[in-house]
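This is what each chain is made of:
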Amino acid sequence: MPTYPMPPLPSDDKRWKIVNGTMRRHGFARNALIETLHTVQSSFGFLDDVAIRFVAKSLHVPLSQAFGVATFYNHFSLKPAGKHTCTICLGTACYIKGADNLMAAAEKRLKIKAGHTTPDGNISLMTARCVGACGRAPVILEDNELVGLVEPQVMLEQLERWAAHD
Amino acid sequence: MTSEELVQVAETVTAERQAADFEVNVCVALGCLSQHSDKLKDALCAEAVASGRNCRVRGTGCMGLCAAGPLVRVGKPAEAAAQTLYAGVHEADAREVIESLGNKPVERLEAHLDTYFHGQIPIVLENSGYIDPEKIDEYISRDGYQALIHALTEMDPQSVIDQIAKSGLRGRGGGGYPTGLKWSTVAKAVGTQKYVICNADEGDPGAFMDRSVLESDPQRVIEGMAIAGYAVGASKGYIYVRAEYPLAVTRMTSSLQQARRRGLLGNNICGTTFAFDIEIRLGAGAFVCGEETALIASIEGMRGQPRPRPPYPAVSGLWGAPTLINNVETYANVPTILRKGAEWFAGIGTEKSKGTKVFALTGKITNTGLVEIPMGMTLREIIFSIGGGVPNGRKFKAVQTGGPSGGCIPEEHLDLPISYEALIEVGSMMGSGGMIVMDDTSCMVNVARFFMEFCMTESCGKCIPCRAGTAQMYQLLTKICDGRATHADLELLIDLCDVVKNTSLCGLGMTAPNPVLSTLRYFKHEYMEHIEHQHCRAGVCACGRKPANELALAGVTA
């Protein structure tokens, strides 16, 4: 355990214990910042102010560095995602195979731009910089499940199903 | 473990395999998994049990031909080469596949792709598709870890480095720096603690070799890193892998545990004094972290921003200690080189580029997937013979290699034998091995703009030429695409390319202008058509006609 006083857990939400566990596994070393933020991201779905402050304080990392890291990397999001997430891969292979058409169709259907969530908090539309399934391009991730050789129609049908499930 | 114990494990696994009359191998790498090959495997298992036949169903790594998935290979365990490859197999076909074992193969499912595998030399991919990636013993049964044990017990670190140097292996991450030289620099560096890092932050969009190796044959990378650790005198290794590859992370994590349990990682490996362990560090979605100093910063828990070199990481890297950084594919070559000898490896390839290279063949091409070809093969052979050419009767226009740092190669250079130097000469580069084929429906100006947008958003913002230059170049390219540009804009663009290329801090900025320069070199007429006649011959740009996406966007209220 470090010699400096540890901040209390922000609430009795059990997920904070998971976050604390990651930090303990790394001996509360400063370089565990990214690993810890990964844990926050996967347990809470996003990084909020409370979480970043808590992690920064626990690891004795300047708040500026913690915010810097949280905003630098694309994987971390500072806003909660929608109930469902449609991620369109915009890697080169997908782009050549018409991922831009998919993006346009999704943006039109959901009436939001990429990186945003519908006002009702149901569907988030995200982009990816290549998920490494280029052999199946164009690909999208429907709630983290990979779908390959996607036609706009197929994707729109999925969006409709999600919209109907409200 | 000793080499006798290795042989014992190998014999047990082989005996178990041979005990079955037939084996059914199902690809469970990402490409086929996305088509539910896991459910297919369950269905095949159920059918195999129901049929009462003595056959074994198992999941294996990538078989290469991702577009034709899910792939299944069936046959007698003893004759791996004579097994039948089925493509596009679905759950409904499970019964037919099992029933056909030992009889005539199911004709409608057979993959007739002899040309695809013809000419390929698997070294890095030698086990992909032949072993269950989640079981270390299967890797051992195909001569795995023999190289490590041999190196530890019978070679001193210097002779390991000599072997690697003699083999002529060069970095497979893109730069092509001689691996032996890098290793000996780290070995000579002064320091009690040294590190070995595996760069698995495969950021190049359109490349997926590293993912496939990590998912299909993770132990090979661990063995390569351990050998490197022994050669340079490091006791700690890190694998920096993208968070976008969850399957690779899971398989790597369990592979590390198995290697530890078998005593191939940890203290006193194989009864020697050598100690080595590996930790996984997750990337968080930043392309620039493929640059070695940025990657080190990221492992240290900072923003992934590069720093000026020298000092090179080989002298002062992770936490100021001498650090060896190599790519996944480079490490994957190491065990085979030590096992089969440097001369054997040096006998493959061209004079300056030895061995093989794995390419991810994608885009407008019939057979998309992974290929491993000897250096010196021509682009034409890869694209038209192995890849099967451009589908739908379209005309080949260009092939893009090297990701956002590379360039587009037109038809006139297709007879170019692949090597690091040859690709640079025609204005592209080897890169990590993405090969994206484009036909006449792709506009080259638009492609250049696509890559520039990528570099612009991925620029870390530390140095001005890259941060501001890529944004300006992107705007100029957009202007050209929209048909609003003049000749002066084009000249400015060319000027900017020169400035950004020569004054940026790291590789991302220095190579960001490459897609523009290479398209300008071979497809200047397309730029001219956009500027002078507001015409886009591929019909994708905003000039001439409104592109589909812009029409659609008009209806969007953000």
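Everything numeric here is computed off the predicted structure, so don't read it as measured data. (Residues numbered from 1 in each chain as written. Chains lettered and ligands numbered in written order. Predicted model: local features only at pLDDT ≥ 70, side-chain atom pairs only at ≥ 80, totals over all residues.)

Within chain B one finds 24 helices and 13 strands. For 558 residues, the compact-globule estimate of 2.2 N^0.38 gives 24 Å, and chain B sits close to it at 25 Å. Going through the 558 residues of chain B one by one, you find that 56% of them count as buried. When contacts within chain B are restricted to residue pairs at least 6 apart in sequence, long-range pairs at least 24 apart make up 73% of them. (Helix = DSSP H or I, 4+ residues; strand = E, 2+ residues; numbered from the N terminus. Rg over C-alpha atoms; globule rule 2.2 N^0.38 Å. Buried ≥ 20, exposed ≤ 12 C-beta atoms within 10 Å, placed from the backbone. Contact = placed C-beta atoms within 7 Å.)

Secondary structure summary: chain A contains seven helices and five strands in total. Reading chain A from its N end, one meets helices and strands in the order α-α-α-α-β-α-α-β-β-β-β-α. Its C-alpha atoms give chain A principal-axis dimensions of about 60 × 35 × 25 Å. For chain A, the proportion of its 166 residues judged to be buried stands at 45%. Restricting the contact set of chain A to residue pairs at least 6 apart, pairs at least 24 apart contribute 59%.

Attention now moves to the interface of chain A and chain B. Each side of the interface is counted separately: chain A has 43 residues, and chain B has 46 residues. When contributions to the side of chain A that touches chain B are tallied by element, the ones reaching two or more residues are helix 2 (33-44), helix 4 (63-72), helix 5 (92-96), helix 6 (99-110) and strand 5 (145-147) of chain A. If you tally residues by element for the side of chain A that touches chain B, the top one is helix 6 of chain A, at seven residues. In the side of chain A that touches chain B, the residues fall into 22 nonpolar, twelve polar and nine charged. (Nonpolar A, V, L, I, M, F, W, Y, C, P; charged D, E, K, R; others polar.)

Residue and element names in this part refer to chain B. Domain boundaries in chain B define domain 1 (20-115), domain 2 (143-346), domain 3 (356-439) and domain 4 (444-554). Computed from C-alpha atoms alone, the centre-to-centre distance between domain 3 and domain 4 is 22 Å. Taken residue by residue, the interface counts ten residues in domain 3 and 15 residues in domain 4. With three residues, the single largest contributor to the side of domain 3 that touches domain 4 is strand 12 (residues 407-410). Looking at side-chain class alone, the side of domain 3 that touches domain 4 contains five nonpolar, five polar and no charged residues. (Domains from an automatic or database assignment.)

Take the domain arrangement of chain A next. Partitioning chain A into domains gives domain 1 (15-72) and domain 2 (84-164). Here the C-alpha centroids of domain 1 of chain A and domain 2 of chain A sit 29 Å apart.

This part covers the sheet that holds strand 1 (residues 22-27) of chain B. Residue and element names in this part refer to chain B. Spatial ordering of the open sheet is given by 2-1-3-4, a layout of four strands whose pairing is mixed. Each edge of the sheet is formed by a strand with only one pairing partner; in this case those strands are strand 2 (55-60) and strand 4 (84-86). For this sheet, the mean angle separating the axes of adjacent strands, direction not counted, is 20°. The sheet strands contacting helix 3 (residues 37-51) are strand 1 and strand 2, and the helix crosses strand 1 at an angle near 165°. (Pairing = 2+ DSSP bridges. Axes fitted to C-alpha atoms, helices over the stretch in contact; angles between N-to-C directions.)

Below, the discussion takes up the packing of helix 8 (residues 157-167) of chain B against helix 11 (residues 218-232) of chain B. Residues and elements named next belong to chain B. Where helix 8 meets helix 11, the axes come as close as 7 Å, and the angle between the chain directions of the two elements is 120°. Judged on the interaxial angle alone, helix 11 and helix 8 are oblique. As helix 8 runs across helix 11, the sense of the crossing is left-handed. Contacts between helix 8 and helix 11 involve Pro157, Val160 and Ile161 from the former and Ile227, Tyr230 and Ala231 from the latter. (Parallel < 35°, antiparallel > 145°, perpendicular 65-115°, else oblique. Left-handed = near helix turned anticlockwise from the far one by under 90°.)

Bringing helix 11 of chain B into the picture now. Residue and element names in this part refer to chain B. Across its 15 residues, helix 11 extends 22 Å between first and last C-alpha, which sits within 8% of the 21 Å expected from 1.5 Å per residue. Helix 11 sits mainly inside the fold: 15 of its 15 residues count as buried. Phi turns positive, to about 85°, at Gly233, one or two residues after helix 11. (Expected span 1.5 Å × (residues − 1).)

Let's shift gears to the packing of helix 2 of chain A against helix 4 of chain A. Residues and elements named next belong to chain A. Two numbers describe how helix 2 lies on helix 4: the axes approach to 11 Å, and their chain directions differ by 60°. Regarding the angle of helix 2 to helix 4, the classification is oblique. The hand of the helix 2/helix 4 crossing is right-handed. Of the residues in helix 4, those in contact with Leu33, Ile34 and Leu37 of helix 2 are Ala66, Val69 and Ala70. Broken down by class, the residue content of the contact of helix 2 with helix 4 amounts to six nonpolar, no polar and no charged.

All names here are of chain B. The five strands are arranged 10-9-13-11-12 in an open sheet whose pairing can be described as mixed. The open sheet has two edge strands with one neighbour each: strand 10 (369-374) and strand 12. Taken pair by pair, the neighbouring strands of this sheet meet at an average axis angle of 30°, ignoring direction. Across four bridges, the pairing between strand 9 (residues 356-363) and strand 13 (residues 434-439) is parallel. Each bridged residue has a counterpart across the sheet, and for Ala360 the counterpart in strand 13 is Gly434.

Counted residue by residue, helix 13 (residues 292-299) of chain B has eight buried out of eight residues, so it is predominantly covered. Of the residues making up helix 13 of chain B, those classed as buried are B:Glu292, B:Thr293, B:Ala294, B:Leu295, B:Ile296, B:Ala297, B:Ser298 and B:Ile299. On the buried face of helix 13 of chain B, the contacting elements are helix 2 of chain A together with strand 5 (195-200), strand 6 (236-241), strand 7 (277-282) and strand 8 (323-327) of chain B. Looking one or two residues past helix 13 of chain B, B:Gly301 carries a phi angle of roughly 90°, positive in sign.

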